[in-house]
Amino acid sequence: MSDQNLLFISGPTNIPGRLRQAMDVQIRDYWAPDFVDLKLPAQAGVIEVFVTDSVHILFFPASGTGGWEAAITNTLSVGDKVLMARNGVFSDRWIDLCQRHGLEVQVIDCAWGDSAPADKIEAALTADAGQQIKAVLITQNETATGVRSDIASIRDPMDSATHSAPLFVDCVSSLASMPFAMDEWGVNIAVAGSQKGFMLATGMAILIVSQTGLDATKQASWPRTFFDFRDMIRATDEGCYPYTPPMNLMAGLRESLTMLSEEGLGIVYARHFRMAEGVRRAVSAWGFELVASAPDLYSDTVSAILNPRGFDSNLLTQHAVYGYGVLFGVGLGELKGKAFRIGHFGSLTDVMVLSGLATMEMAMADLDYPVELEGVAAPAQGYFRESRIGVGRLAA
Ligand SMILES: *Cc1c(COP(=O)(O)O)cnc(C)c1O
């Protein structure tokens with residue numbers, strides 16, 4: 001039997017055998033001089049994926065949520081005001097985290113399916129003449145709705161509003177699968193995790209902090225210890241770590257970055273676009289609609305698909321598990337029961353995506369959905385054939 005997991009969720013993603021082996025390392029002393037051999041290549045590689053000259057790359061033993069908490073507690077204080085858009089479960093969780101930390105959150109509520117609105121962000125910042133807003137926090141890829149937000153288009157009006165608030169971006173479900181350009185987009189803190197685009201086990205939050213992001217730490221009065229940027233930066237400068245590091249994940253990350261650079265980041269992004277586009281063609285052949293409200297918002301890592309009326313998407317995803325052993329994403333929050341999600345990122349190819357689409361069709365046919373079993377995945381096959389890159393010499 002294949003050890004490939006039949007996983008079409010939006011993270012964690014499949015861990016390829018090469019990375020499982022890379023994480024299988026003997027423990028070493030993190031005070032030893034060779035610890036940097038593990039950490040430095042991982043830091044150097046990460047810089048290329050974020051496309052940044054920022055020197056502060058911080059690996060915390062945590063999931064992405066811990067990364068958010070680190071970003072907040074190091075830069076803000078109780079009572080500070082932050083500006084955020086809510087367009088799905090993940091941006092909503094970030095808002096909740098800020099509120100629980102005593103921040104005053106100015107929320108821009110958006111329809112689920114829309115992206116973070118640059119014009120409303122600009123208006124809010126322009127109206128904030130007293131510069132009360134201390135940070136703008138945006139989720140690049142809203143995993144619950146399959147919607148991407150254009151970070152560059154948000155930064156431009158921030159600049160033209162001549163507002164000094166730093167921009168923090170959650171790129172947990174987009175980094176290393178969809179383009180990111182930290183410096184060009186003027187992002188001051190970016191938060192990612194080990195278990196999505198990097199195809200590793202869960203447990204390491206990856207943060208990049210620009211000089212402006214670091215300057216913000218000086219005013220922050222939130223108590224912090226485990227997540228203190230200062231301890232982490234000091235330890236990094238000394239070639240060690242403030243406490244026991246997630247060594248297996250660092251070893252895995254080093255290898256993951258090698259894999260990504262062997263394939264070439266441009267090709268990695270193109271592969272994700274192709275897989276996503278194949279899924280989108282099948283969805284339209286099913287006669288279904290995406291939650292994302294416009295094509296320029298489509299995520300290349302996850303598609304959220306509205307169910308036809310009268311059908312419960314939870315029963316569909318459950319049936320796919322019990323009937324066929326294949327896992328798809330469920331509808332989250334207000335999309336519970338109304339939408340299902342197909343995750344198409346990480347260690348996946350077009351052919352693997354076809355197996356997911358074909359399985360989804362079988363599950364739908366079993367549950368009397370209004371789809372024909374014959375060849376509904378054909379538009380995806382057609383698209384994959386015409387956009388084929390070819391993997392070997394025999395490919396005509
Ligand atoms: C997965 C995810 C996270 C992080 O979740 P953890 O389970 O804490 O790793 C954060 N933001 C987005 C957009 C995500 O998809």
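Residues numbered from 1 in each chain as written. Predicted model: local features only at pLDDT ≥ 70, side-chain atom pairs only at ≥ 80, totals over all residues. Heavy atoms only, no water.

1. Describing the packing of aromatic side chains
Piece 1. What the rule picks out here adds up to 15 aromatic pairs.
Piece 2. Among the aromatic residues, those joined into a cluster by ring pairs are Phe35, Phe60, Phe226, Phe227, Phe229, Tyr241 and Tyr243. (Phe/Tyr/Trp six-rings, centres within 6.5 Å; stacked < 30°, edge-to-face > 60°.)

2. So, the site of the ligand
Piece 1. Taken together, 13 residues form the shell around the ligand, and within it Ser63, Thr65, Thr143, Asp170 and Lys196 come nearest.
Piece 2. Threonine 65 places a polar side-chain atom, nitrogen or oxygen, 2.4 Å from an oxygen atom of the ligand.
Piece 3. With respect to the ligand, the side chain of aspartate 170 contributes an N or O atom lying 2.6 Å from a nitrogen atom.
Piece 4. Tallied by class, the residues present in the shell around the ligand amount to three nonpolar, eight polar and two charged. (Near = heavy atom within 4 Å. Polar contact = N/O pair within 3.5 Å; in protein donor to acceptor, adjacent residues only side chain to side chain. Nonpolar A, V, L, I, M, F, W, Y, C, P; charged D, E, K, R; others polar.)

3. Remarks on the nonpolar core
Piece 1. Of all hydrophobic cores here, the largest spans 88 residues; its most connected members are Phe50, Phe59, Phe60, Phe180, Phe198, Leu207 and Leu253.
Piece 2. No other element matches helix H9 (residues 247–263), which puts eight residues into this core.
Piece 3. Beyond its immediate chain neighbours, meaning those up to four positions away, phenylalanine 180 contacts Val49, Phe50, Val51, Gln140, Val169, Cys171, Leu175, Trp185, Val187, Ala190 and Tyr269.
Piece 4. Among the nonpolar cores identified, the runner-up in size contains 28 residues, and Val283, Leu290, Val371 and Ala377 belong to it. (Core = buried A, V, L, I, M, F, W, Y, C linked by side-chain atoms within 4.5 Å. Buried < 20%, exposed > 50% of the residue type's maximum accessible area, 1.4 Å probe, protein only. Helix = DSSP H or I, 4+ residues; strand = E, 2+ residues; numbered from the N terminus. Contact = heavy atoms within 4.5 Å.)

4. Section: empty space enclosed by the protein
Piece 1. Within the structure shown, the criterion is met by two cavities of 30 Å³ or more.
Piece 2. In this structure, the largest cavity spans a volume of roughly 40 Å³.
Piece 3. Around the largest cavity sit Gly146, Arg280, Leu290, Ala292, Tyr298, Ser299, Val302, Ser303 and Ala304, which together line it.
Piece 4. When residues of the lining of the largest cavity are assigned to their parent elements, the largest contribution, three residues, is made by strand S12 (residues 302–306).
Piece 5. Class assignment for the residues of the lining of the largest cavity results in five nonpolar, three polar and one charged.
Piece 6. Looking at the second largest cavity, its volume works out to about 30 Å³.
Piece 7. Lining the second largest cavity are Leu7, Ile9, Pro12, Thr13, Asn14 and Phe345.
Piece 8. Classifying every residue of the lining of the second largest cavity gives four nonpolar, two polar and no charged. (1 Å grid on protein atoms, 1.4 Å probe; cavity = no way out; pocket = protein on both sides within 12 Å on 5 of 7 lines; lining within 4 Å. Points joined across faces, edges and corners; volume = space filled by probe spheres on them.)

5. Thoughts on the packing of helix H12 (residues 350–366) against helix H13 (residues 378–386)
Piece 1. Viewed as axis vectors pointing N to C, H12 and H13 meet at an angle of 175°, and their least axial separation amounts to 10 Å. One way to sum up the angle between H12 and H13 is to call them roughly antiparallel. Every residue of H13 that contacts H12 at Asp350, Val353, Leu354 and Leu357 is listed here: Ala380, Gln381 and Phe384.
Piece 2. Residues belonging to the contact of H12 with H13 are distributed by class as follows: five nonpolar, one polar and one charged. (Axes fitted to C-alpha atoms, helices over the stretch in contact; angles between N-to-C directions. Parallel < 35°, antiparallel > 145°, perpendicular 65-115°, else oblique.)

6. Quick word on the environment of phenylalanine 60
Piece 1. Within the fold, phenylalanine 60 resides in strand S2 (residues 56–61).
Piece 2. Taking relative accessible area as the criterion, phenylalanine 60 reaches 0% and is therefore assigned buried.
Piece 3. If we skip the residues at most four places from it in the chain, phenylalanine 60 touches Ala70, Gly203, Met204, Ala205, Leu207, Phe226, Phe227, Asp228, Phe229, Met232, Tyr241 and Tyr243.

7. Here's the deal with the pattern of salt bridges
Piece 1. Scanning the model with the defined rule gives 18 salt bridges in all.
Piece 2. Linking aspartate 96 and arginine 100 is a salt bridge whose minimum nitrogen-to-oxygen distance equals 2.8 Å. Of the two residues, aspartate 96 and arginine 100 both sit in helix H4 (residues 89–100), four residues apart, roughly one turn of that helix.
Piece 3. Residue class for aspartate 96 comes out partly exposed when judged on its relative accessible area of 31%.
Piece 4. Judged by relative accessible area, arginine 100 falls into the exposed class, the value being 66%.
Piece 5. Two residues, glutamate 386 and arginine 281, come together in a salt bridge whose shortest N-O distance is 3.8 Å. One end of the pair, glutamate 386, is in helix H13; the other, arginine 281, is in helix H10 (residues 265–286), with 105 residues separating them in the sequence.
Piece 6. Here the residues in one salt-bridge network are Arg148, Glu277, Arg280, Arg281, Asp300 and Glu386, joined through shared partners. (Salt bridge = Lys/Arg side-chain N within 4 Å of Asp/Glu carboxyl O.)

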